[in-house]
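Descriptive structure summary
Here is how the chains run, residue by residue.
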Amino acid sequence: MKIAVEGCCHGELDKIYETIGHLEKKEGIKVDLLLCCGDFQAVRNEGDMKCMAVPAKYRTMQTFYKYYSGEKKAPVLTIFIGGNHEASNHLQELPYGGWVAPNIYYLGYAGIIRYKGIRIGGVSGIFKSHDYRKGHHEFPPYDPETLRSVYHIRNIDVFKLKQVAFTAAPHKTILSILNIQMPIDIFMSHDWPRGIYHYGCTRELLRKKKFLRQEVESNTLGSPAAAELLDHLQPSYWFSAHLHVKFAAVMQHAPKASGSSRTTKFLSLDKCLPYREFLQVVDIPDRTDSAEGLEYDPEWLAVLKSTNGLQRTTPHPWIPPMNNGLHQRWNFTASEAEMMAVVDEMNGELAIPDNFSRTVPAYDPANPQPRASPSCSTNPQTTELCATLGLTDIYAQKAHHVSEPGGAQGGMAGENDGDDAHSTGSADEPSEYPTDMSGLSNSYNPDEITIEDEWEEEEKDKEDGDGEGKRVPEGDSEEAQAGEEGLVSPSGRALTSGRMVLPEPRLDDSTHQVSPKPMNLPPPTHSAPAGVEEGGASDGVEEETPLVRIPKRTSDESEAVAGSTGVTPRIKRRNQVIYAAVDDDGDDES
């Protein structure tokens, strides 16, 4: 099975599908599935744009509305997760996932589904410690704070994913016969698992993104929640985006008591821009005797049912249940009986129904509505799934509370908060529970990486003579992440194509501690240019289907930064000016 993986989408669906079509024609292949790793921007109309956390100059309609309205249909089945630049009011309609357009499926806050027997999981948003323990309390219209907190990952979703069993069901059981409980094949997150950069070519990463050096050296870059999931789920593949750079790594996990050592191949890709490595096709072994099409995952549905009562729509901190005598149940791993009960409730039909429906009017270029207000609609897909499995539509529940007299975004008046009832409301309260992430506030996970700074780096590289024809330095070929091969674009212009070269696996030593002293890394250099000759790969290094980059846009499509100083690019911290001026044109999207 050939699966195309894309980094940050930013609403560029037309360009992404065009690139896939060109690759299929050039390479003589057929892509079965497209996975997008966040910043999808499923913007249906002008009201949705007001719910997207981007500066005003980036609030453009892009092309998703064409697929939502039915003007176009996605040529390849597409599955995506949310990032930190989304039409949040749209995605909140589908907390458990669903179709945002025909042939385009959203995984929800967290989710696991199956495609032709391949188990695909994901978690939406990015990690921020101050919101991690809160419930999903945000509701449109958002204020400057909730406009951003709405896409921050929550510990309840991580807790649910950690209930998924690591090992496959024992042979000759009903679960193994029905292929119900299998290891996770693919997992997606928008931000990187913290520490994954130590399992690939760190030198190459810092050559491209010099401003990440301090966080890499101190091991504070990325999401500790994603790192926790990586350690627990140990999927065969993990795909991410967010940092706008292609980076490959291979982590060999330490063996668990009940099984042998597993290996995870990690790949992060860039955003859809000219000369960026934003698309990669990987080959995944087919799983025989599996149903065609997209299916619900019985184990995941059973976990959703068992944890339904744990969900909150308040900003009060939530503490995961533990085996400490204070909770009636703390292990929500699905039993065989619970999984079979879910199958019965679905009447044995696990195929995800093709039940997409439009809940708001689509954008009409001939009749723009710049004053349109954000929509707050419930989604029939969520209503149907909740009715079938007895789940709570938390978005509809929050909408009901907000509509009541005296209702507010801050919480659910009268809701039984259990252990949260006596909380002070601070997400940074200390916790005695080892699975709680509230103390990891030193983790650095940027919201904004400016486009201008990135283009400045590229232009400076060319000025310094690092442009066309540069060879990979001797000794670096085994770690080079891109070779070159001539292609021709649909418009007749030249394209370049790279192949993914994975580093040797590195063992995940849970006892490893990063030294407080600076790592022995090379001095900062400029990022690699677009044209790099193919480097040789060592024996046993895996090769993937070529990566495609599209030609650079004209000057009217992207602006080059004048007066490049060559200084280290800065990352704009989200708390500096954002709350004071949300539409500050000085910010850029990531």
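Residues numbered from 1 in each chain as written. Predicted model: local features only at pLDDT ≥ 70, side-chain atom pairs only at ≥ 80, totals over all residues. Heavy atoms only, no water.

This part is about the overall build of the chain. When you go through the chain residue by residue, the secondary structure sums to 15 helices and 19 strands. Considering the chain as a whole, with its 590 residues, one finds that 58% of them fall into the buried category. The contacts of the chain with a sequence gap of at least 6 include a subset with a gap of at least 24, amounting to 81%. Here the chain displays about 23,700 Å² of accessible surface, and carbon together with sulfur accounts for 50% of that area. (Helix = DSSP H or I, 4+ residues; strand = E, 2+ residues; numbered from the N terminus. Buried < 20%, exposed > 50% of the residue type's maximum accessible area, 1.4 Å probe, protein only. Contact = heavy atoms within 4.5 Å. Areas by Shrake-Rupley, 256 points an atom, 1.4 Å probe, with all protein chains shown as cover.)

Moving on: helix α10 (residues 224-233). Buried residues dominate α10, accounting for eight of its 10 residues. In this structure, the buried side of α10 is in contact with β7 (118-123), α6 (155-161), β8 (186-189), β9 (237-240), β10 (247-252) and β11 (263-268). Here α10 starts with a cap whose side-chain oxygen sits 3.3 Å from the backbone nitrogen of Ala225, and that cap is Ser223. Just downstream of α10, Gln234 is the residue with a positive phi angle, here 50 degrees. (Polar contact = N/O pair within 3.5 Å; in protein donor to acceptor, adjacent residues only side chain to side chain.)

Now for the side chain of Glu86. Following the sequence through the fold, Glu86 ends up in the loop between β3 (78-80) and α4 (88-91). Of the side chains bearing the opposite charge, Arg44 lies closest to the buried Glu86, which forms no salt bridge; the N-O distance is 11 Å. At 2.8 Å, the side chain of Glu86 and the backbone nitrogen of Phe40 are in polar contact. Within the local environment of Glu86, its side chain forms a polar contact with the backbone nitrogen of Gly83, the two atoms lying 2.8 Å apart. Excluding its chain neighbours within four sequence positions, the residues that come into contact with Glu86 are Gly38, Asp39, Phe40, Gln41, Ala42, Cys51, Met52, Ala53, Ile81 and Leu91. (Lys, Arg positive; Asp, Glu negative; His and termini not counted. Salt bridge = Lys/Arg side-chain N within 4 Å of Asp/Glu carboxyl O.)

Per the counting criterion, the structure on display carries 17 aromatic pairs. On the numbers, 3.9 Å between centres and 15 degrees between planes, the contact of Phe40 with Phe80 is stacked. Of this pair, Phe40 sits in the loop between β2 (33-36) and α2 (46-49) while Phe80 sits in strand β3, placing them 40 residues apart in sequence. Owing to a relative accessible area of 0%, Phe80 belongs among the buried residues under this scheme. (Phe/Tyr/Trp six-rings, centres within 6.5 Å; stacked < 30°, edge-to-face > 60°.)

Right, let's talk about the nonpolar core for a bit. Soluble, globular proteins show a tendency: their nonpolar side chains are buried together. Counting 111 residues, the largest nonpolar core has Ile79, Ile104 and Phe239 as its most contacted members. By size, the runner-up hydrophobic cluster in this structure holds eight residues, among which are Met52, Val54, Tyr65 and Ala87. (Core = buried A, V, L, I, M, F, W, Y, C linked by side-chain atoms within 4.5 Å.)

Quick look at the pattern of salt bridges now. Applying the stated rule across the entire model yields 22 salt bridges. The shortest N-O distance in the salt bridge between Glu295 and Arg114 comes to 3.5 Å. Linking Glu295 in strand β13 (residues 294-296) with Arg114 in strand β6 (residues 110-115), this pair joins segments that are 181 residues apart in sequence. The class for Arg114 is buried, based on a relative accessible area of 5%. A salt bridge links Glu277 to Lys208; its shortest N-O distance comes to 3.8 Å. Taken together, the residues Glu277 in the loop between β11 and β12 (279-283) and Lys208 in helix α8 (residues 202-208) connect sequence positions 69 residues apart. Pair check on accessibility: Glu277 and Lys208 agree, each one buried. Shared partners join several salt bridges into a network, and the residues in it are Asp14, Lys66 and Lys72.

Following both chains from N to C, one finds helix α11 (residues 298-306) and helix α12 (residues 336-345) inclined at 100 degrees, their axes separated by 8 Å at the closest point. Viewed along their axes, α11 and α12 adopt a mutual orientation that is roughly perpendicular. Contacts from Pro298, Glu299, Leu301, Ala302, Lys305 and Ser306 in α11 reach Glu338, Met339, Val342, Val343 and Glu345 in α12. Broken down by class, the residue content of the contact of α11 with α12 amounts to six nonpolar, one polar and four charged. (Axes fitted to C-alpha atoms, helices over the stretch in contact; angles between N-to-C directions. Parallel < 35°, antiparallel > 145°, perpendicular 65-115°, else oblique. Nonpolar A, V, L, I, M, F, W, Y, C, P; charged D, E, K, R; others polar.)

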